[in-house]
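# Summary of the model geometry
Given next are the chains, with one letter for each unit.
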Amino acid sequence: MTDAPASQFTPRVFSGIQPSGGLTLGNYLGALKRFSEMQNEGRDCIYCMVDLHAITVWQDPDKLRHNTRELTAGFIASGVDPEKSILFNQSAVPEHAQLAWIFNTVARMGWMQRMTQWKDKAGKNAEKASLGLFAYPALMAADILVYHATHVPVGEDQKQHIELTRDVAAKFNHDYGVDFFPMTEPVIEGAATRVMSLRDGSKKMSKSDPSDASRINLTDDADTIAKKIRKAKTDPDALPSEAKGLEDRPEARNLVNIYAAFTNKTVDQVLAEVGGKQFGEFKPMLADLAVAKLSPISTEMARLLDDTAEIDRILARGAEQAREITVPILKKTYEIVGLVGA
Ligand code: TYM
């Protein structure tokens, strides 16, 4: 990971996850696991439940409340420590939405129209999609830039949104003749930056896939995890002994990537150990590993969720800490823009 070039911006990590129901293995390996690792490297980390993003598509209010608390428990159970990182929900820090409005005036319609996530989510029915869904990336840019964050750990699918964040920062700096917002770097690292569906190696593992067998949920019990891995789609060949041999085998590659990410090894290191094995032998190894890594997380999530008042206290304290950073940055932004009384 490269730090931003010498500038006035101190390195700061920001990332967020939508509380739109259920964390998957993709969220864990692509994001949560990296979040706690970055925190443990001693970096300045800020992590957010992006509830305002979640409501760009319909959310039942009671479920949204539950999902926000469950997601917070998921962060903590995955190793994000609220004593070390700032952990809060987006709507409790109003500067995100305020800066997003400024960015709505900076970003161009054409930029938003080119976002693949917008095209996927709005589909053929763009006329019926919410205005918030269209403006989603401007709010995401605000999430990041309201902290002057320099590094954003995410899965591969968020890369285009981070590029747009850089475009927004560059246009703002250019239009107002300032060097106020940093050029944020995406951090897309590790063997599992794009975990694929267990049923179809060409599709991303996603909480919105209608088939529950396509994903591992962080709340799945040990038997369910083992069963889903045993039933995962594969091909009839043995595993190759180097990464090149996985090129046209998306399902095999996915399972090896997951194994590599869990063990913090490269794909080649994993294949040096398991090359030549049939899936009948490899799948139980992967299932044991997944259960060993994920069971403590789901147990801890359930324990934390027993005390929602404590979760709410953690979120409230995180929001206070977050505002110590966002209030002065928003104030300065308003001054730059020429808003009187900032
Ligand atoms: P969301 O909530 O869809 O996903 C949260 C994180 O999980 C990663 N992820 C995956 N990684 C690997 N393989 C997968 N199958 C997989 N599925 C999900 C995502 O890449 C992401 O890192 N727009 C964001 C939320 C957001 C945000 C932000 C992120 C809002 N503001 C500011 C970073 C910074 C989203 O919808 O993520």
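The shown structure was predicted, so the numbers you read here are calculated from the model rather than taken from an experiment. (Residues numbered from 1 in each chain as written. Predicted model: local features only at pLDDT ≥ 70, side-chain atom pairs only at ≥ 80, totals over all residues. Heavy atoms only, no water.)

## Describing the overall build of the chain
Helix and strand counts for the chain stand at 13 helices and 5 strands. Whereas a compact globule of 342 residues would reach a radius of gyration of roughly 20 Å, the chain reaches 21 Å, a difference of no more than 12%. Considering only C-alpha atoms, the chain reaches an extent of 70 × 45 × 45 Å along its principal axes. Among the 342 residues that make up the chain, the fraction classed as buried is 50%. Across the chain, the fraction of contacts at a sequence separation of at least 24, relative to all contacts at a separation of at least 6, is 76%. (Helix = DSSP H or I, 4+ residues; strand = E, 2+ residues; numbered from the N terminus. Rg over C-alpha atoms; globule rule 2.2 N^0.38 Å. Buried < 20%, exposed > 50% of the residue type's maximum accessible area, 1.4 Å probe, protein only. Contact = heavy atoms within 4.5 Å.)

## As for the site of the ligand
The full set close to the ligand counts 27 residues, and Gln18, Tyr136, Asp143, Asp157 and Val195 are the nearest of them. The side chain of Gln18 places a nitrogen or oxygen atom 2.8 Å from an oxygen atom of the ligand. Interatomic distance of 3.0 Å between a backbone N/O atom of Met205 and a nitrogen atom of the ligand. For the ligand, whose free accessible area comes to 710 Å², the fraction covered by protein is 97%. Most atoms of the ligand, that is more than half of them, are within 2 Å of grid points of the largest pocket. Secondary-structure elements contributing two or more residues to the shell around the ligand are strand 1 (13-17), helix 1 (25-40) and helix 7 (131-145). Residue composition of the shell around the ligand, by class: 12 nonpolar, 11 polar and 4 charged. (Near = heavy atom within 4 Å. Polar contact = N/O pair within 3.5 Å; in protein donor to acceptor, adjacent residues only side chain to side chain. Areas by Shrake-Rupley, 256 points an atom, 1.4 Å probe, with all protein chains shown as cover. 1 Å grid on protein atoms, 1.4 Å probe; cavity = no way out; pocket = protein on both sides within 12 Å on 5 of 7 lines; lining within 4 Å. Sits in = over half its atoms within 2 Å of the grid points. Nonpolar A, V, L, I, M, F, W, Y, C, P; charged D, E, K, R; others polar.)

## Points about the packing of aromatic side chains
Enumeration over the complete set of coordinates arrives at 14 aromatic pairs. With a centroid separation of 5.4 Å and an interplanar angle of 45 degrees, the aromatic rings of Tyr259 and Phe282 are classed as tilted. In this pair, Tyr259 sits in helix 10 (residues 250-263) while Phe282 sits in helix 12 (residues 279-305), placing the two residues 23 residues apart along the sequence. Each member of the pair, Tyr259 as well as Phe282, carries the same accessibility label: buried. Through a chain of ring-to-ring contacts, the aromatic side chains of Phe103, Phe172, Tyr176, Phe180 and Phe181 assemble into a single cluster. (Phe/Tyr/Trp six-rings, centres within 6.5 Å; stacked < 30°, edge-to-face > 60°.)

## Re the pairing of strand 1
Among the 5 residues in strand 1, 4 count as buried, and that is most of the element. As judged from the 5 bridges shared by strand 1 and strand 2 (residues 45-49), these two strands associate in the parallel manner. Bridge pairing in strand 2 links Ser15 to Tyr47. Handedness of the crossover joining strand 1 and strand 2 through helix 1: right-handed. (Pairing = 2+ DSSP bridges. Right-handed = clockwise from strand over helix to strand, strands pointing away.)

## What about the state of the cysteines?
With the rule as written, the count across this model stands at 0 disulfides. Cys45 carries a free sulfur, and the closest cysteine sulfur to it, the one in Cys48, is 14 Å from it. Residue classification places Cys48 among the buried residues on the basis of a relative accessible area of 0%. (Disulfide = S-S within 2.5 Å.)

## Some remarks on the packing of helix 3 (residues 61-77) against helix 12
Relative orientation of the contacting elements helix 3 and helix 12 amounts to 130 degrees, with a least axis distance of 8 Å. Put simply, helix 3 runs oblique to helix 12. Of the two elements, helix 3 crosses helix 12, and the hand of that crossing is right-handed. Residues His66, Arg69, Glu70, Ala73, Gly74, Ile76 and Ala77 of helix 3 pack against Ile297, Glu300, Met301, Leu304 and Leu305 of helix 12. In the contact of helix 3 with helix 12, the residues fall into 7 nonpolar, 2 polar and 3 charged. (Axes fitted to C-alpha atoms, helices over the stretch in contact; angles between N-to-C directions. Parallel < 35°, antiparallel > 145°, perpendicular 65-115°, else oblique. Left-handed = near helix turned anticlockwise from the far one by under 90°.)

## Some points on the domain arrangement of the chain
On domain assignment, one finds that the chain holds domain 1 (6-193 + 308-337) and domain 2 (212-302). Here the C-alpha centre of domain 2 lies 29 Å away from the C-alpha centre of domain 1. Between domain 1 and domain 2, the residue contacts involve 15 residues of the former and 16 residues of the latter. Taken together, the two surfaces of domain 1 and domain 2 that pack against each other cover about 1,300 Å², and 75% of this comes from carbon and sulfur. Summed over the three residues of domain 1 that lose the most area to domain 2, namely Leu25, Ala77 and Ala191, the buried surface amounts to 39% of that side. In this structure, the connection of domain 1 to domain 2 is made through 0 salt bridges. In this assembly, domain 1 and domain 2 are joined by 4 residue pairs in polar contact (both at pLDDT 80 or more). Among the elements of the structure, helix 1 and helix 3 are those that each provide at least two residues to the side of domain 1 that touches domain 2. With 6 residues, the single largest contributor to the side of domain 1 that touches domain 2 is helix 1. (Domains from an automatic or database assignment. Buried area = accessible area lost by both parts, 1.4 Å probe. Salt bridge = Lys/Arg side-chain N within 4 Å of Asp/Glu carboxyl O.)

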